[in-house]
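# Secondary and tertiary structure notes
These are the residues of each chain, in order.
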Amino acid sequence: MTDGAAAGPPPIRHNDHSPLVPPALGAWEPSLPVSVVIPARGGQHRLDLALAALAAQSYPAHLMEVIVVDDGSDPPLRLPEIAPPGARIEPAAPGGWGIAHAVNTGAARAGGEIVQRLDSDMVVCREHIEALARWHHLAGYVVAIGAKRFVEEPVLSPGEVYDAVRAGSLGEVFDLSAAQASSTEQTIARTNGLRTSRNPYHVCTGPTVSLRREVFHAVGGFDPAVLRGEDTEFAYRLAAHGVVFVPDMDAQAVHLGIPAQRLDRERAVRTVAPYLAQRVPLRRDLRKDPGRQWLVPYVEIVFRLGEDPDPGRVRAAVGAALSGSLPDVVVTLVAPWSKLAEGRPGPDDPLFELRLLREHFAHDRRVRLADEGNGITAADGVTAGGGVTGVAGVTATPAPIPFRYTGPVSAPLGRDSLERMIAAMQDDRSGMLVVDLGEDGPATLVRTEALGRALLLGAADVTASIEATHGVRHGARADFWPAKDRKDQKAQKTESAGKPGKPEKPEKTAQGARAAQAARAERTVRPEAAAQPGRAARPEKAAKTAETAQTDKAAEAGKAAKTGQAASGGARPSARVAGRAASAAARRRNWRSLLRSTLRSD
């Protein structure tokens, strides 16, 4: 393990990192340089203790640098007498403030291939850096998480901490029996070291986390706009990127002082909630406000239009996508938009329909126009053969959006089609769902983290990679498109193709309705003639009979209306119709219940 990473790491199924077997502590030779980034504002004494512990690490000193980023301390922070040889203090970059900004400053100035983010009030054990760094020598897409316990800060000197850490015993200077365990460690234990966790990013909460530097920058670093919960939001984007989260309980540490969320949990949760609601779509519990739009959508819906699209079909497909049961979606229309010249179009403009569609959707914030034909820049989908198809203007993955749907405009989504498809994928945690739409072609729903994992692995066959790491599921149209929606789509296709539909009965047309009404009136007015052919009724008798018939009919209608209202508040449906409605409602409840149950925090 001297070349920096093992060649061809085995595929990890979901987050089951069991195939990765780290070397024993002290029994291997590290080769990757580590940059420890510590954001700090004030708290000089606690920083002194943290640096004293880092000075006693088992990881080779020539492979470790420590960057303390001073986030506007007054007075400015200083390096203590006991500190690692590669330690230095850097001021936060101008134009920003806060933990996220400070960490980004340190990562931008880091020279190591591994970035270790550490809080300034954490005192780590002797093997802490080594324990986490060994995972990055096995695979480049691992995020390693250290352990921590909370203690009341005792009266200590940096020298005492250095001696205790160097001797390998934090217990000599801290009362670990009175330490409070972290709630994240309870989740780690309950999910077998996060191997069975559905959402392992939840426990990646910042005080001690390490990852490859290129992974840090690939997801954009921390978001300085997130003032609370920045570590969870960052971890969510890492998950969408396809990483594997590995907790290492050998990387022990103590956190000096009890965190604020332990003192006032309700306030802490309320403070974080709006930041996560905007940016973490998987937190469905935070997105309950009806009619809201959010910063990061839940699903990206991709339609490819070509040069000469059918405007009716495109508008119908986009309308169905935006009016479904999942409101937080965005639609991406892929077409050769760059071919539309800005000058005066000619009378025989071959891109006439495309030009009109551009104007129709250009100002809708929920619709994006992605160019096609201006050079392939990224892979955005999966072909039937398993290869990657490229379309300029469409990103390699929709991250941080957790799902991407790609389907034909000739098959608009049903109202709850996406909800059904996501529920099915959450049921078995599959990475891709392929639905056979018959003559319309296939539709696919891809989990972003599965696609991200395939790209991290450099897979030539994306479908095969997703099958290995998350699984590929197949379904039929009837599983996800309600019968009513399928009938409506068939009617739309018939109308769009200009084919004559099934002739209506004469009574269904206006002329036929008038003729039928006249015939019924004639039969009502001449009852005797109907009974005795050839014998005409007297006009005055016929009029009286017609009046009586109309009165009786009105009385019967009123009686039926009263009876129906008393029984059910309106018209009473037949048992068959009522049964179908009840079954449909039950199916919808089952899908939504399944979706909610599979989106639990673990």
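Summarised in this report is the structure supplied together with it. (Residues numbered from 1 in each chain as written. Predicted model: local features only at pLDDT ≥ 70, side-chain atom pairs only at ≥ 80, totals over all residues. Heavy atoms only, no water.)

## A closer look at the overall build of the protein
- Helix and strand counts for the protein stand at 20 helices and 20 strands.
- Here the protein, with 602 residues, has 47% of them falling under the buried criterion.
- Within the protein, counting contacts between residues at least 6 apart in sequence, those at least 24 apart form 73% of the total.
- About 29,600 Å² of surface is accessible on the protein, with carbon and sulfur atoms providing 52% of the total. (Helix = DSSP H or I, 4+ residues; strand = E, 2+ residues; numbered from the N terminus. Buried < 20%, exposed > 50% of the residue type's maximum accessible area, 1.4 Å probe, protein only. Contact = heavy atoms within 4.5 Å. Areas by Shrake-Rupley, 256 points an atom, 1.4 Å probe, with all protein chains shown as cover.)

## Notes on the pattern of salt bridges
- Throughout the structure, instances matching the rule amount to 21 salt bridges.
- Between R88 and E90 there is a salt bridge whose closest N-O contact spans 2.9 Å.
- The partly exposed category is assigned to R88, whose relative accessible area is 26%.
- Measuring nitrogen to oxygen at the nearest pair gives 3.1 Å for the salt bridge that ties R134 to D250. Of this pair, R134 sits in helix 3 (residues 128-136) while D250 is found in the loop between strand 10 (244-248) and strand 11 (253-256), placing the two residues 116 residues apart along the sequence.
- Note on R134: relative accessible area 5%, which makes it buried.
- Assessed through its relative accessible area of 41%, D250 is described here as partly exposed.
- Because the salt bridges share partners, they merge into one network encompassing E65, R88, E90 and R109. (Salt bridge = Lys/Arg side-chain N within 4 Å of Asp/Glu carboxyl O.)

## Regarding the pairing of strand 17 (residues 403-406)
- Burial of strand 17 is two-sided: the residues F403 and Y405 facing one way and the residues R404 and T406 facing the other way are all buried.
- Both strand 12 (residues 299-304) and strand 17 contribute to a ladder of four bridges, which runs parallel. Within strand 17, the residue paired with I301 across the bridge is Y405. (Pairing = 2+ DSSP bridges.)

## Digging into the sheet that holds strand 8 (residues 180-181)
- Overall, mixed pairing links the four strands, which are arranged 5-11-7-8 in an open sheet. Of all strands in the sheet, those bounded by a partner on one side alone are strand 5 (122-124) and strand 8.
- With three bridges joining them, strand 7 (residues 149-151) and strand 11 adopt parallel strand pairing. In the strand pairing of strand 11, R149 is matched with V254.

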